[in-house]
Amino acid sequence: MSFHLGLTGSIGMGKSTTAQMFVAEGCALWDADQAVHRLYGPQGVAVAPIGDLFSDAIGPEGVDRTVLRSIIQTDPTALPQIEAIVHPLVQADRAAFKAQADADVLVFDIPLLFETGGEQEMDAVACVFTSEEEQQRRVLARGTMTQAQFEQIRAKQMPIDEKKARSDFLIETDTVEHAKEQVAAILRQIRAGQKHA
Ligand SMILES: CC(C)(COP(=O)(O)OP(=O)(O)OC[C@H]1O[C@@H](n2cnc3c(N)ncnc32)[C@H](O)[C@@H]1O)[C@@H](O)C(=O)NCCC(=O)NCCS
Ligand SMILES: Nc1ncnc2c1ncn2[C@@H]1O[C@H](COP(=O)(O)OP(=O)(O)OP(=O)(O)O)[C@@H](O)[C@H]1O
């Protein structure tokens, strides 16, 4: 039986970067945002149902995220409708991964883990965190979201302090080296059969 570790945190706090550190230590990874990318891609299963609601958001590459971000910004009903389409498809993708994954530790990178009750499927949860100032700096430095779009998404997420309080392990993403040390320590505990710090 493999160990199921949920990896969460707020937008831009370092989930994807930290997830790759778990992969480097021999874990198998499932990434919810990457699953959404597959669903939105040219052959993606979410393209047709999203197109039925927001035809402007469909282009030659599937769902156009720039258009979708601006629709979400101006129409408060848009994101719940998109989630109703996307979340069941993401859930099915995760089930397919679980059915075939072959590693002692499976890591599930899920930004909305607690918001969607996904922690119930996990043996433990690790939460990445950094300060809100650093979070904003990192997200805006990517240049994909405006400040207003970032704030709208952040406001939808559970506050980071609550995520931290509900997690078994914490990973501070202040430097890459520090995060790697924390990942290695967590895996030592899990592999030694100890869930809690
Ligand atoms: C809002 C969208 C257009 C932003 O796309 P973009 O390419 O800029 O960002 P990306 O997809 O990489 O997501 C970045 C981060 O935004 C946050 N985020 C994304 N969707 C949501 C959401 N529905 N609620 C709260 N936070 C979200 C997460 O922290 C995520 O890691 C896109 O994320 C989307 O279509 N989201 C709806 C599907 C969804 O709920 N995905 C979350 C994982 S299941
Ligand atoms: N341990 C770390 N030390 C320094 N910088 C980091 C660390 N981890 C992540 N970062 C930086 O923070 C930014 C966001 O990281 P990453 O994309 O991993 O976050 P995320 O939580 O997956 O984001 P999102 O929620 O938007 O998908 C990147 O620029 C990355 O280089």
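Rules used in this analysis
Residues numbered from 1 in each chain as written. Chains lettered and ligands numbered in written order. Predicted model: local features only at pLDDT ≥ 70, side-chain atom pairs only at ≥ 80, totals over all residues. Heavy atoms only, no water. Near = heavy atom within 4 Å. Polar contact = N/O pair within 3.5 Å; in protein donor to acceptor, adjacent residues only side chain to side chain. Areas by Shrake-Rupley, 256 points an atom, 1.4 Å probe, with all protein chains shown as cover. Buried < 20%, exposed > 50% of the residue type's maximum accessible area, 1.4 Å probe, protein only. Helix = DSSP H or I, 4+ residues; strand = E, 2+ residues; numbered from the N terminus. Arc of directions from axis to C-beta. Contact = heavy atoms within 4.5 Å. pLDDT = per-residue confidence, 0-100. 1 Å grid on protein atoms, 1.4 Å probe; cavity = no way out; pocket = protein on both sides within 12 Å on 5 of 7 lines; lining within 4 Å. Points joined across faces, edges and corners; volume = space filled by probe spheres on them. Nonpolar A, V, L, I, M, F, W, Y, C, P; charged D, E, K, R; others polar. Domains from an automatic or database assignment. Sits in = over half its atoms within 2 Å of the grid points. Buried area = accessible area lost by both parts, 1.4 Å probe. Salt bridge = Lys/Arg side-chain N within 4 Å of Asp/Glu carboxyl O.

Asker: I would appreciate a short explanation of the site of ligand 1 in the present structure.
Answerer: Around ligand 1 lies a shell of 20 residues, among which D33, Y40, R69, E83 and H87 are the nearest. Measuring from an oxygen atom of ligand 1, one finds a side-chain N or O atom of R65 at 2.7 Å. Note that a nitrogen atom of ligand 1 is positioned 2.6 Å from one of the side-chain N or O atoms of E83. Calculation on ligand 1 without its partners gives an accessible area of 760 Å², and the protein chains cover 92% of this total.

Asker: What is the right way to read helix α1 (residues 15-24) from this model?
Answerer: For the α-helix, the turn length of 3.6 residues means that residues three or four positions removed from each other point alike. Among the residues of α1, K15, T18, A19, M21 and F22 are the ones counted as buried. End-on, the buried residues of α1 take up no more than an arc of 155°, which puts them together on one face. For α1, the secondary structure elements touched by its buried residues are β1 (3-8), β2 (28-31), β5 (105-109), β6 (124-129), β7 (169-172) and α9 (176-191). G26 sits one or two residues past α1 and shows a positive phi near 95°.

Asker: Just checking my understanding: could you explain the confidence of the model for the chain for this structure?
Answerer: It should be kept in mind that the predicted coordinates are not to be read in detail where pLDDT is low. With 98% of its residues at a pLDDT of 70 or more, the chain shows a mean pLDDT of 96. Predicted complex, confidence summary: ipTM 0.96, pTM 0.95.

Asker: I would appreciate a short explanation of the side chain of T130 in the present structure.
Answerer: Within the secondary structure, T130 is located in the loop between β6 and α6 (132-142). Residue contacts for T130: discarding those within four places in its chain leaves M13, Q135, R138 and T173.

Asker: Could you clarify how one ought to interpret the layout of surface pockets in this entry?
Answerer: Taking a probe equal in size to a water molecule and rolling it over the atoms shows the remaining empty space. The volume enclosed by the largest pocket comes to roughly 1,400 Å³. Forming the walls of the largest pocket are 49 residues, and the residues nearest its centre are I11, D33, R65, P111 and M145. Broken down by secondary-structure element, the contributors of at least two residues to the lining of the largest pocket are α1, α2 (32-40), α4 (65-74), α5 (78-100), α6, α7 (147-156) and α9. For the lining of the largest pocket, the element with the most residues is α5, which contributes eight residues. Of the residues belonging to the lining of the largest pocket, the class tally is 19 nonpolar, 18 polar and 12 charged. Summarising the domain contributions, the lining of the largest pocket has at least three residues from each of domain 1 (1-27 + 105-192) and domain 2 (43-102).

Asker: Even after reading the chapter, I still don't get the site of ligand 2, so can you show me in this structure?
Answerer: If you check the shell around ligand 2, you find 16 residues, and the closest are K15, S16, T17, R138 and R142. Here an oxygen atom of ligand 2 and a side-chain polar atom of R142 are 2.5 Å apart. Its free accessible area being 630 Å², ligand 2 has 76% of it covered by the protein chains. Spatially, ligand 2 is embedded in the largest pocket. Considering each element in turn, the shell around ligand 2 owes the most residues, three residues, to α1.

Asker: What should I look at first to understand the domain arrangement of the chain in this one?
Answerer: The domain architecture assigned to the chain consists of domain 1 (1-27 + 105-192) and domain 2 (43-102). Each of domain 1 and domain 2 was reduced to a C-alpha centroid, and the two centroids are 22 Å apart. If you look at the interface, domain 1 gives 16 residues, while domain 2 gives 12 residues. When domain 1 packs against domain 2, the two sides together hide about 1,200 Å² of surface, and 56% of this comes from carbon and sulfur. Our count for the domain 1 to domain 2 interface comes out at three salt bridges. Here K156 makes a salt bridge to E83, at a shortest N to O gap of 2.5 Å. Counting only elements with at least two residues in the side of domain 1 that touches domain 2, the list comes to β5 and α7. Split into classes, the residues belonging to the side of domain 1 that touches domain 2 amount to seven nonpolar, seven polar and two charged.

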